[in-house]
Amino acid sequence: MNIQEKHVNDIAEMLKEAATKIWEFAELGLEEYKSAELLAELCRGEGFEVDMGIAGMPTAFVARWQNGSPVIGYLAEYDALPGLSQKISLEQEPFRGGQPGHGCGHNLLGVGAFGAAIALKRSLEESGEKGSVYFFGCPAEETITAKGYMVRDGFFDDVDAVFDWHPADVNMINMRTTLACDSIEYHFRGRAAHAASNPDWGRSAVKAVELMNAGVNYMREHIHSDARIHYVITEGGGEPNVVPDKGAAWYYIRSPRRSQVDALTERVNKCAEGAALMTETELEIKVIDKCYNMIPNKVLSQVMLEEFRETGTFEPTDEEWDYIKGLRASITDDQVEDALREYLMPTDYEGVMHGEVLDLEKEGQVAPGTTDAADVSWKAPLAHARVACKPLGLPGHTWQAVSVFGSSVGMAGMLVASKLLARSGWRLIENPQLAEEAKAELDKHLKKEPYKPVLGPEMQPPLPGH
Ligand SMILES: [Zn+2]
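Colleague: Which residues make up helix 3 (residues 33–45), and what are the values?
Modeller: In this model helix 3 runs 18 Å from its N-terminal to its C-terminal C-alpha over 13 residues, within 8% of the 18 Å that 1.5 Å per residue would give. All buried positions along helix 3 are accounted for by Ser35, Ala36, Leu38, Leu39, Ala40, Leu42 and Cys43. Contacts from the buried residues of helix 3 go to helix 2 (12–25), strand 1 (49–52), strand 2 (61–65), strand 3 (71–77), helix 4 (106–127) and strand 4 (132–138). At the exit of helix 3 stands glycine 47, carrying a positive phi of roughly 90 degrees.

See the structure below:
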């Protein structure tokens, strides 16, 4: 058996236990104290040097095992989603009512990456080959928060290659870019007054929010078709009888390229300024976060694809098949067909659980989402795999997803990911020229489009309660 796979098998029970614990902790972004500490402690036990609380976030860490170059990096995430608590069940029933749940499978993501880090480190130790392993504990992926700050503060500067993954309903290497994104709050300040007796004295901050949103909505026709702009109103007044002096909206402004987002944000800012002018209110623009689009590295993606074909996928047990089919019955044929179209698979594909590994995607496609792993891809060559941990077409951020990511099906997918990531890292240890080629590819891209840090030195992660 392949040596990295053997090392993963040796620690499989420990990995499943850790993923189950993090699934149960189900902590929200920047509050993942128990989850981060669990992973950090396991790293210490394996001889990694842990730096906890980095880049201004108490639940962010880096664990390094230093043994020369190349330096292989793995990314962990461990944040859950609000209100999604769910048992491992085919019915919707909360595990802890109203509490968060792991609807994006970050319990598997973090531990799967950890398994790879350990397997690679043990392979290096055994073989006497040169190479270092860095394991990054990245909080709050769901609110696109941590990795940009970790990049800004230099934690990826000496990393040669990063292999990343996400639990999915398909086995493939991502060649798509993601959307660059600005997360911005617009706060308006007006003048309170009695809404019936003295409305002429009042200046409504909520009307400013409404006018700003109206302006942005009229703008939609004239933006890039892959761009996305969405908002929520976070401050909308108290009672109708008081002219509200405070009003605020929180925007995500996204587009396939960073420069497009910069230009769009300027236009959204003008809508806000116009609204403030019209309503005689004051405007404060508060940037929460900014991130880049992903640049998938072709050299590393090819390595990962070849290793994925060798690793293969897992074969569910009879009991697991019953559970998988039960989950499939909870979604519609349309949802499955949407997934097949998205992955450019034949629409008559009949498998319930994806059991093959797809060919590399065509370059240049845009995934309609954002991840802060994108910022890492501008600092170090990065490849990203999706590994099937749930039935085909089953959407994330749902009770079904929480159920499956806590189950033995999710855990089996996670072990595939650990093996895949460890094998991919080992390929670079044995073939250092691949790391050089991957770096040359990134450098070529950066020459054309340099990386300009988007988070200023004065910016701080939005910690809860601050
Ligand atoms: Zn996720």
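Colleague: Lay out the environment of arginine 64 with the relevant residues and their values.
Modeller: The topology assignment puts arginine 64 in strand 2. Among the residues examined, arginine 64 registers 19 C-beta atoms within 10 Å and is labelled partly exposed. As a C-alpha pair, arginine 64 and phenylalanine 135 span 71 residues in sequence and 6.4 Å in three-dimensional space. Residues within four places of arginine 64 in sequence aside, it is in contact with Phe48, Glu49, Ser132 and Tyr134.

Colleague: Any details on the pairing of strand 7 (residues 180–189)? Residues and values, ideally.
Modeller: Of all ten residues in strand 7, eight are buried, a share of seventy percent or more. Taken together, the ten bridges between strand 7 and strand 9 (residues 246–255) define a ladder with antiparallel strand orientation. Paired with aspartate 182 across the two strands is isoleucine 253, which belongs to strand 9. Where strand 7 and strand 10 (residues 282–291) come together, nine bridges link them in antiparallel fashion. From the neighbouring strand, arginine 189 faces strand 10, where its bridge partner is glutamate 282.

Colleague: Break down the environment of leucine 394 for me, citing the residues and quoting the values.
Modeller: Here leucine 394 lies in the loop between strand 11 (382–388) and helix 12 (399–405). For leucine 394, a count of 24 C-beta atoms within 10 Å puts it in the buried group. Measuring from C-alpha to C-alpha, the distance between leucine 394 and valine 352 comes to 9.9 Å, with 42 residues separating the pair along the chain. Setting aside chain neighbours within four positions, we find leucine 394 in contact with Asp169, Leu327, Ile331, Gln400, Ala401 and Val404.

Colleague: Tell me about helix 2, and please be specific about residues and values.
Modeller: With 14 residues, helix 2 extends 20 Å between its outermost C-alpha atoms, agreeing within 8% with the 20 Å of an ideal straight helix rising 1.5 Å per residue. For helix 2, the secondary structure elements touched by its buried residues are helix 3, helix 4, helix 12 and helix 13 (408–430). Backbone geometry just downstream of helix 2 places alanine 26 in the positive-phi region, at approximately 40 degrees.

Colleague: I'd like to hear about the packing of helix 1 (residues 3–10) against helix 4, residue by residue, with values.
Modeller: Contact geometry of helix 1 with helix 4 gives a least axis separation of 9 Å together with a crossing angle of 125 degrees. One element, helix 1, and the other, helix 4, form an angle in the oblique class. Between helix 1 and helix 4 lies a crossing whose hand is right-handed. Of the residues in helix 4, those in contact with Ile3, Gln4, His7 and Val8 of helix 1 are Gly115, Ile118, Ala119, Leu120, Arg122 and Ser123.

Colleague: Let's hear about the sheet that holds strand 4: which residues, and what values?
Modeller: Ordered in space as 1-2-4-3-5-11-6, the seven strands form an open sheet in which the pairing is mixed. The two strands at the open ends of the sheet, each matched to only one other strand, are strand 1 and strand 6 (172–173). As paired strands, strand 5 (residues 161–168) and strand 11 are joined by seven bridges and run parallel to one another. Across the sheet, aspartate 164 pairs through a bridge with histidine 384, a residue of strand 11.

Quick notes on the rules
Residues numbered from 1 in each chain as written. Predicted model: local features only at pLDDT ≥ 70, side-chain atom pairs only at ≥ 80, totals over all residues. Helix = DSSP H or I, 4+ residues; strand = E, 2+ residues; numbered from the N terminus. Expected span 1.5 Å × (residues − 1). Buried ≥ 20, exposed ≤ 12 C-beta atoms within 10 Å, placed from the backbone. Contact = placed C-beta atoms within 7 Å. Pairing = 2+ DSSP bridges. Axes fitted to C-alpha atoms, helices over the stretch in contact; angles between N-to-C directions. Parallel < 35°, antiparallel > 145°, perpendicular 65-115°, else oblique. Left-handed = near helix turned anticlockwise from the far one by under 90°.

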